Amino acid sequence: MRALMQDKPLLISSLIDFAAQYHSDSEIVSRTVEGPIHRYTYVEAQARSKRLANALQRLGVELGDRVATLAWNGYRHLEIYYGVSGMGAVLHTINPRLFPDQIAYIANHAEDKYIFTDLTFVPLLEKVAPSLTTVKGYVIMTDEAHMHETTLPNALCYETLLAAESDDYDWPQFDEMTASSLCYTSGTTGNPKGVLYAHRSTVLHSFAVCMQDVLGLSSRDTVLPVVPMFHANAWGLAYAAPMCGAKLVMPGAAMDGESIYQLVDEEKVTMSAGVPTVWLMLLAHMQEHGKKLPHMDRTVIGGSAAPQSMIETFERDYDVTVIHAWGMTEMSPLGTTGVMKSKFAELPFDEQLEYKVKQGRVVYGVELKIIDDDGNDLPHDGVAFGHLMVRGPWITNGYFKGEGGEVLDADGWFDTGDVATLDGEGYMQITDRSKDVIKSGGEWISSIDLENLAVGHPDVAEAAVIGIAHPKWDERPLLVIVRNPGSDVTKDAILQYMEGKIAKWWMPDDVTFVDEIPHTATGKIQKISLREQFAGYKLPTADAAE
Ligand code: ADP
């Protein structure tokens, strides 16, 4: 029997409409590339998104066409989010930290028709433009006063474009499974692959973000997404904030501790979200200047494992609850978040920490399971670890244009490439990427656990662990460390610090010190380059085994 309920499609345009109508005084505050802080409300954001939709129509952009951005988090980027997807075109957010030839590859692969760019990225695009085969024009996201000479063909000024249009525009209604946006994964192996989101998946994901047990975003919040809008839609916050009318604070290009602190403090930010590296900079700034976080209630840390020391500092020293979150571009991105169940929240802090360092618990809408190499289900006992598989309405079912072939198994599960444990409460803990796990004598050693432990040492700025070939054990861990400035901490001191905190056979066979650890465009440790750098490295334990 078919139900008798309205079949109203879930469309992204409805989010900005709701915010404009019912949260007309909620602000969007942006640090601009041009310098000053800009502020306006959802009413203006909606009106300008509609102007943009009219402009895009005049430029010949049609349903399904790809329109790209190379932009920081800011109000114009938000307008493009809604203007492009709202009119039925596909917003392609390009990560400007990619190499120029990767940018050319994905813009051509996506067949972008127009590219919108912040002033910052004009020089980068000028280099890339000659290789772009489908782009008809470039829109520079500034006003006439800040436009300058460019070799970009058909360069238009964003504000001039908008000024010529009316904000009278009715968002078209279409099937909720229509593609809304496109985001390429950074592709640590092979070419980047495009994840094509739907209006439906985006709206459903936004509901989840607002759930108390997920990120609990609400109209009472002022949210600062430090996570970029070019990285999995700022973890969905660019959509969830209008859904609940939260005030949005956008950091623009300035991610340093001082600039972030200034926004957090002046705008009374209650919730923020970003990768651990950003929080390291903020914490260092606050510690140096004796600053506090009186307004902040919680901070979301994800993208890489949140080190225990960072969780402790936020919670103990600043009274800010850490929500450890895990997900991936292919998952819109949220899969698990670490909001405490009440029975754990009553535990002493040290015991709570055991849960806080985990990547959180499963969000309604996402199914998780772990399997072994042969595809057998593993128990959810918090101990067994295996390949983490996911399924759900905001998870990809294949990459754009079929790249990478079939990505789901026969039952519709997607392999995340992560290795994890799961427990009966739904808590998940990543132990590794399948590619990075260290296989020692047939058993797995978690590189992430070792890294987390090592960065807890006060002299360690960053740590990475890779497997090095070993004649007896196949692979053994090598710990690569960047020391804190001025420190001359030794291998022995590091090993001594780790001893007793992990199983004996997990102890690294060697520790080496470097000036810098390579990172991917999304700020993760680039293990592939590290493995290349240490190819042929001889562990001190190798001789004894031969
Ligand atoms: P990229 O484009 O860099 O691959 P994603 O955000 O899609 O960016 O990366 C997703 C991966 O990041 C996950 O599969 C996982 O390996 C890692 N990751 C994300 N959040 C966490 C976390 N909280 N702890 C550990 N690893 C994480």
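Some words on the packing of helix α12 (residues 308-318) against helix α14 (residues 349-356)
Between α12 and α14, whose axes approach to 11 Å, the crossing angle comes to 130°. Considered as vectors, α12 and α14 are oriented oblique to each other. Classified by chirality, the crossing of α14 by α12 is right-handed. In this structure, α12 uses Gln308, Ile311, Glu312, Glu315 and Arg316 to contact α14, whose residues at the interface are Phe349, Asp350, Leu353 and Lys356. A per-class count over the contact of α12 with α14 returns three nonpolar, one polar and five charged.

What about the domain arrangement of the chain?
As a measure of interface size, the accessible area lost when the parts come together is often cited. By domain assignment, the chain separates into domain 1 (38-203), domain 2 (366-433) and domain 3 (438-545). With centres defined by C-alpha atoms, the gap from domain 1 to domain 2 works out at 32 Å. Each partner contributes residues to the interface: domain 1 has 13 residues there, and domain 2 has eight residues. Three residues stand out in domain 1 for area buried against domain 2, namely His109, Lys193 and Ser201, and they jointly supply 48% of the buried area on that side. Across the contact surface, domain 1 and domain 2 share one salt bridge. Of the charged contacts, one joins Lys401 and Glu111 as a salt bridge, the two residues approaching to 2.6 Å between their closest N and O atoms. Taken together, the connections running from domain 1 to domain 2 amount to four residue pairs in polar contact (both at pLDDT 80 or more). Within the residue set of the side of domain 1 that touches domain 2, elements represented by two or more residues are α4 (100-110), β8 (179-184), β9 (194-198) and α7 (199-210). Looking at the side of domain 1 that touches domain 2 residue by residue, the classes come out as six nonpolar, three polar and four charged.

A short note on α14
All of the buried residues along α14 are Gln352, Leu353, Tyr355 and Lys356. Looking down the long axis of α14, one finds its buried residues gathered within 160° of arc, a one-sided arrangement. Of the residues in α14, the exposed ones pointing more than 90 degrees away from the buried face are Asp350 and Glu354. On its buried face, α14 is in contact with α12, β14 (321-327) and α13 (342-345).

What counts as what
- Residues numbered from 1 in each chain as written.
- Predicted model: local features only at pLDDT ≥ 70, side-chain atom pairs only at ≥ 80, totals over all residues.
- Heavy atoms only, no water.
- Axes fitted to C-alpha atoms, helices over the stretch in contact; angles between N-to-C directions.
- Helix = DSSP H or I, 4+ residues; strand = E, 2+ residues; numbered from the N terminus.
- Parallel < 35°, antiparallel > 145°, perpendicular 65-115°, else oblique.
- Left-handed = near helix turned anticlockwise from the far one by under 90°.
- Contact = heavy atoms within 4.5 Å.
- Nonpolar A, V, L, I, M, F, W, Y, C, P; charged D, E, K, R; others polar.
- Domains from an automatic or database assignment.
- Buried area = accessible area lost by both parts, 1.4 Å probe.
- Salt bridge = Lys/Arg side-chain N within 4 Å of Asp/Glu carboxyl O.
- Polar contact = N/O pair within 3.5 Å; in protein donor to acceptor, adjacent residues only side chain to side chain.
- Buried < 20%, exposed > 50% of the residue type's maximum accessible area, 1.4 Å probe, protein only.
- Arc of directions from axis to C-beta.

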